[in-house]
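# Structural overview
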There are 2 protein chains.
Amino acid sequence: MPHDRKNKISCNNYECEIEVTLEVLSGKWKSLILWHLCQHKVIRFNEFRRLIPKITQKMLTQQLRNLEENELVNRTVYDETPPVVEYSLTNLGKQLVPILEKMDEWGKKYVNSHIPH
Amino acid sequence: MPHDRKNKISCNNYECEIEVTLEVLSGKWKSLILWHLCQHKVIRFNEFRRLIPKITQKMLTQQLRNLEENELVNRTVYDETPPVVEYSLTNLGKQLVPILEKMDEWGKKYVNSHIPH
DNA sequence: CTGTATCCTTGGTGATACTG
DNA sequence: CAGTATCACCAAGGATACAG
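Structure report, in brief. (Residues numbered from 1 in each chain as written. Chains lettered and ligands numbered in written order. Predicted model: local features only at pLDDT ≥ 70, side-chain atom pairs only at ≥ 80, totals over all residues. Heavy atoms only, no water.)

### With respect to the overall build of chain A
Filter applied, for reference: The helix and strand labels rest on DSSP assignments: H or I over at least four residues marks a helix, E over at least two residues marks a strand, and numbering proceeds from the N terminus. Burial classes follow relative accessibility: with a 1.4 Å probe on protein chains only, a residue under 20% of its type's maximum area counts as buried, one over 50% as exposed, and anything between as partly exposed. Only heavy atoms enter the contact rule, under which two residues are in contact if any of them lie within 4.5 Å. A 1.4 Å probe and the Shrake-Rupley method give the accessible areas. Residues count as covered only by the protein chains that appear here.
Looking only at helices and strands, one finds six helices and three strands in chain A. The N-to-C order of helical and strand elements in chain A reads α-α-β-α-α-β-β-α-α. For chain A, the proportion of its 117 residues judged to be buried stands at 44%. Taking as baseline every contact in chain A between residues at least 6 positions apart, the subset at least 24 positions apart corresponds to 49%. Total accessible area computed for chain A in this model is approximately 6,900 Å², and 49% of it derives from carbon and sulfur atoms.

### Remarks on the sheet that holds strand S1 (residues 42-44) of chain A
Residues and elements named next belong to chain A. Note the threshold: Two strands qualify as a pair provided that DSSP identifies no fewer than 2 bridges between them. Lines are fitted to the C-alpha atoms to define the axes, a helix being fitted only along its stretch in contact, and any angle between axes, read from their N-to-C directions, falls within 0 to 180 degrees.
Spatial strand order, S1-S3-S2: three strands in an open sheet with antiparallel pairing. What marks the edges here is a single partner per strand, and that holds for S1 and strand S2 (73-78). Direction aside, the axes of adjacent strands within the sheet are offset by 30° on average. Strand direction decides the pairing type here: S1 and strand S3 (residues 84-89), joined by three bridges, are antiparallel. Paired with Arg44 across the two strands is Glu86, which belongs to S3. The strands touched by helix H2 (residues 30-40) within the sheet are S1, S2 and S3, with S3 carrying the most contacts at an inclination of about 95°.

### Section: the protein's contact with DNA strand C
Using the following cut-off: We define proximity as follows: a residue is near a molecule or strand when any one of its heavy atoms falls within 4 Å of that partner. Here a polar contact is taken to be a pair of N or O atoms separated by no more than 3.5 Å, where protein atoms must pair a possible hydrogen donor with a possible acceptor and residues adjacent in sequence count only if both atoms sit in side chains. Amino acids are sorted into nonpolar (Ala, Val, Leu, Ile, Met, Phe, Trp, Tyr, Cys and Pro), charged (Asp, Glu, Lys and Arg) and polar (every other residue, Gly among them).
DNA strand C sits among 20 residues. The nearest are A:Gln57, A:Arg75, A:Tyr87, B:Lys28 and B:Lys58. Across the atoms of DNA strand C situated within 4 Å of the protein, the share located in sugar and phosphate is 64%. Within the side chain of B:Trp29, a nitrogen or oxygen atom sits 3.4 Å from a phosphate oxygen of DNA strand C. In this structure, B:Lys58 approaches DNA strand C through a side-chain N or O atom, which is 2.2 Å from a base oxygen. Residues that form the surface near DNA strand C fall into these classes: eight nonpolar, six polar and six charged.

### Focus: the interface of chain B and chain A
Quick note on the threshold: Accessible area that two parts lose when put together, evaluated with a 1.4 Å probe and summed over both, is termed the buried area. The term salt bridge refers to a pairing of a side-chain nitrogen on Lys or Arg with a carboxyl oxygen on Asp or Glu at a separation within 4 Å.
Taken together, the 38 residues of chain B in the interface contact 38 residues of chain A. Summing both sides of the interface, chain B and chain A together bury roughly 3,500 Å²; the carbon and sulfur share of this comes to 75%. Our enumeration of links across chain B and chain A arrives at two salt bridges. Here chain B and chain A share eight residue pairs in polar contact (both at pLDDT 80 or more) between them. When residues of the side of chain B that touches chain A are traced back to their parent elements, those giving at least two are helix H1 (18-24), helix H2 (30-40) and helix H6 (97-114) of chain B. With 13 residues, the single largest contributor to the side of chain B that touches chain A is H6(B). For the side of chain B that touches chain A, a count of residues per class yields 21 nonpolar, eight polar and nine charged.

### So, the relation of the copies chain B and chain A
Test applied: Superposition of the copies used a least-squares fit over C-alpha atoms from residues whose pLDDT is at least 70 in both.
The operation relating chain B to chain A is a screw motion whose rotation component is 180°, with 0.0 Å of axial translation and a residual RMSD of 0.1 Å. Such a combination of turn and shift is consistent with a two-fold rotation axis. Taking the C-alpha atom as reference, chain B places B:Ile99 closest to the rotation axis, 2.7 Å from it. An overlap of 100% is found between the interface residues of chain B and their copies at the interface of chain A, pointing to a shared contact surface.

### Observations regarding helix H4 (residues 57-69) of chain A
Quick reminder of the rule: Expected helix span is computed as 1.5 Å times (number of residues minus one).
Taking 1.5 Å per residue as the helical rise, H4(A) with its 13 residues ought to reach 18 Å, and the 18 Å between its terminal C-alpha atoms agrees with that figure. Two residues or fewer after H4(A) comes A:Glu71, characterised by a positive phi angle close to 60°.

### As for the layout of surface pockets
Put simply, the test is: Cavities and pockets are defined on a 1 Å grid built over the protein atoms alone: a cavity is a set of grid points where a 1.4 Å probe fits but cannot escape, while a pocket is an open set with protein on both sides within 12 Å along at least five of seven lines, and lining residues are those with an atom within 4 Å of any such point. Grid points are joined across faces, edges and corners, and a volume is the space filled by probe spheres set on the points.
The volume enclosed by the largest pocket comes to roughly 1,000 Å³. What lines the largest pocket is a set of 39 residues, among which A:Ser26, A:Gly27, B:Leu25, B:Ser26 and B:Gly27 lie closest to the centre. Contributions of two or more residues to the lining of the largest pocket are made by helix H1 (18-24) and H2 of chain A together with H1 and H2 of chain B. Among the elements that make up the lining of the largest pocket, the one with the highest residue count is H2(B) (four residues). Within the lining of the largest pocket, the residues separate by chemical class into 18 nonpolar, 10 polar and 11 charged.

Okay, structure coming up:
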């Protein structure tokens, strides 16, 4: 597949289909980025930095680019000064939302059941 | 929390609950291990190695121990020679199954829609 | 405001050998 | 069969400075 861009997932050589999902969500920040996008619909670059204070600029750019390559997020550039760039979920990305919702559910349950009485 | 064992998740300092879930599932193999456990109910050490051929012995042990620490899997040792050790999902681990199922669903869809016509 | 470009660190992972 | 114990690597991630 010579025309594949770097980091784009291949869909081949998987034992289970779940591995495809794990690959597109791999990395420290992607699921969190998608989760915020699912809740806010449209987010700008610096809004992400406020929503995810611990992420560095480099990682944010990198993960967003990768999500874009895998067609999970849209990147819309408005040609203004100062520049405006908005990110949102693609249809493919929206189909990941059930996963994220279940993750949120489990996390809430876990936290509640492990809070000191 | 001085009595916490290493690697055990803390439940603190999270912006979103989803981060808790991401943390217990972090690592290259955990979700895959849980997915196999969800399908086979009980799996022995070397069965895992056959199910996940690419995993090394070290990583398998390490990830299983971490899943055990976080109370997602049970480790049952039968005192025989040669030794028999069986792994299975705890109740807490079973509650992760919906996440894994949604991941499997998405992966199947993605693969199908990206297969060359 | 939304990024690039470098350099550097680290821990997650892999390879290999050994053991009760 | 079901693990431990080392050694080593390197890519993911982080810090910082710069730019259109």
